[in-house]
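Tertiary structure, described
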Amino acid sequence: MMRIVGIVQARMGSSRLPGKVLRPLAGRSVLSRVVRAARDSGVLAELVVATSTDAVDDAVAVECERLAVPCHRGPVDDVLTRFVGALDAHPGDAVMRFTADCPLLDPEIITTVASVYQAVPGLDYASTSIARTLPRGLDVEIIRAEALRTLDRLATDHHRVHVTSYAYTHPELFRVLGVTLTPDRSGLRLTLDTEQDWALLRAVVDHFGDVSVPLAKLADWLDGQPALRALNADVRQKRLEES
């Protein structure tokens, strides 16, 4: 059976919202919600948090200890090196990449992407963000372990920050698959990068409580909440080249 290792990148130093990964939502940190969703998917042989060696990220390491999840520490800006180091310490056949600013991550989507990846022989990389239909904040991606190591040899500049971007921007070198889930809900923004995002996420958690909410249920509820959807509708997502 394929051994899939989940790696969550997490650090305190966000340019737009410092400390966001440890903000509390219904008594649970944002990072804790991501860890729970990844674990609840049932597809991971192991889960690791990859944070930096910067002193400010000591708090992330403490939270990992509280959550009983292994923590690997590496360079602040070279996230790809962090991932390869985590993979070296926790070997696997494939890596599912998660970011710690997605507290509404849906375990069912993680399971679906892992199943699709395992069903297609020879894939290097699969992701829901290649042809986006999911809200930003619910995307899932998986990369073959040896493909990740190849990226480590080839990737430079912003590709080392975004970890997998060299793979999906060079489909001539890697066998890449986009996983598209319908209906198209890409107009929703459910990630955490600004105070506007925070206001929306808090409203969602205040309504649903400390549970992982399936996307269909969440989207149906938000359909009737235009004022909430408007809170972060104007937030601009950073371009790939922006670290």
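Here goes a summary of the coordinates provided. Note that this is a predicted model, so its numbers are computed, not measured.

This brings us to the nonpolar core. Membership of the largest hydrophobic core comes to 56 residues, with the highest contact counts inside it found for Leu31, Val49, Met96, Phe98 and Leu218. Secondary structure elements with two or more residues in this core: strand E1 (4-9), helix H1 (30-40), strand E4 (46-52), helix H2 (58-67), strand E6 (94-99), helix H4 (107-119), helix H8 (195-208) and helix H9 (215-223). At seven residues, the largest contribution of residues to this core is made by H8. Setting aside chain neighbours within four positions, we find leucine 218 in contact with Leu104, Leu190, Val204, Phe208 and Val213. With 22 residues, the next largest nonpolar core counts Ala50, Val79, Tyr125 and Ala147 among its residues.

Below, the discussion takes up the packing of H1 against H2. The geometry of H1 relative to H2 is characterised by a closest axis approach of 11 Å and an angle of 45 degrees between their N-to-C directions. With respect to their mutual orientation, H1 and H2 come out oblique. Here H1 and H2 pass one another in a crossing that is right-handed. Seen from H1, the contacting residues are Leu31, Ser32, Val35 and Arg39; seen from H2, they are Val60, Glu63, Cys64, Arg66 and Leu67. The residue inventory of the contact of H1 with H2, partitioned by class, reads five nonpolar, one polar and three charged.

Inspection of every chain in the model, using the stated rule, returns zero disulfides. With no disulfide of its own, cysteine 71 has cysteine 64 as its nearest cysteine by sulfur position, at a separation of 4.1 Å. Cysteine 71 sits in the partly exposed class, given a relative accessible area of 31%. Among the cysteines around cysteine 102, which has no disulfide bond, cysteine 64 carries the closest sulfur, lying 16 Å off.

With that settled, consider the sheet that holds strand E7 (residues 125-127). An order of E5-E4-E1-E6-E8-E7-E9 is seen for the seven strands of this open sheet, with the pairing classed as mixed. Both edges of this open sheet fall to strand E5 (71-74) and strand E9 (176-178), since each of them pairs with a single strand only. Each strand of the sheet is rotated relative to its neighbour by a mean of 20 degrees, with strand direction disregarded. The sheet contacts of H4 involve E1, E6, E7, strand E8 (141-144) and E9, and relative to E6 the element is tilted by about 155 degrees.

This next bit is on H4. Between its terminal C-alpha atoms H4 stretches 19 Å, which fits the 18 Å expected from 13 residues at 1.5 Å a residue. Listed as buried for H4 are Pro107, Ile109, Ile110, Val113, Ala114 and Tyr117. Mapping the buried residues of H4 onto a view down its axis gives an arc of 160 degrees, with all of them on the same face. For H4, the exposed residues lying more than 90 degrees away from the buried face are Glu108 and Ala119. In this fold, the buried residues of H4 make contact with E1, H1, E6, E7, E8 and H9. N-capping of H4 is provided by aspartate 106, with a side-chain oxygen placed 2.9 Å from the backbone N of glutamate 108.

A separate point is the pairing of E6. Counting buried positions over the six residues of E6 gives five, a clear majority of the element. Sheet analysis places E1 next to E6, joined by six bridges and oriented parallel. Bridging from a neighbouring strand, glycine 6 pairs with methionine 96 of E6. Across four bridges, the pairing between E6 and E8 is antiparallel. Bridging across to E8, alanine 94 finds its partner in arginine 144.

Procedures and definitions
Residues numbered from 1 in each chain as written. Predicted model: local features only at pLDDT ≥ 70, side-chain atom pairs only at ≥ 80, totals over all residues. Heavy atoms only, no water. Core = buried A, V, L, I, M, F, W, Y, C linked by side-chain atoms within 4.5 Å. Buried < 20%, exposed > 50% of the residue type's maximum accessible area, 1.4 Å probe, protein only. Helix = DSSP H or I, 4+ residues; strand = E, 2+ residues; numbered from the N terminus. Contact = heavy atoms within 4.5 Å. Axes fitted to C-alpha atoms, helices over the stretch in contact; angles between N-to-C directions. Parallel < 35°, antiparallel > 145°, perpendicular 65-115°, else oblique. Left-handed = near helix turned anticlockwise from the far one by under 90°. Nonpolar A, V, L, I, M, F, W, Y, C, P; charged D, E, K, R; others polar. Disulfide = S-S within 2.5 Å. Pairing = 2+ DSSP bridges. Expected span 1.5 Å × (residues − 1). Arc of directions from axis to C-beta. Polar contact = N/O pair within 3.5 Å; in protein donor to acceptor, adjacent residues only side chain to side chain.

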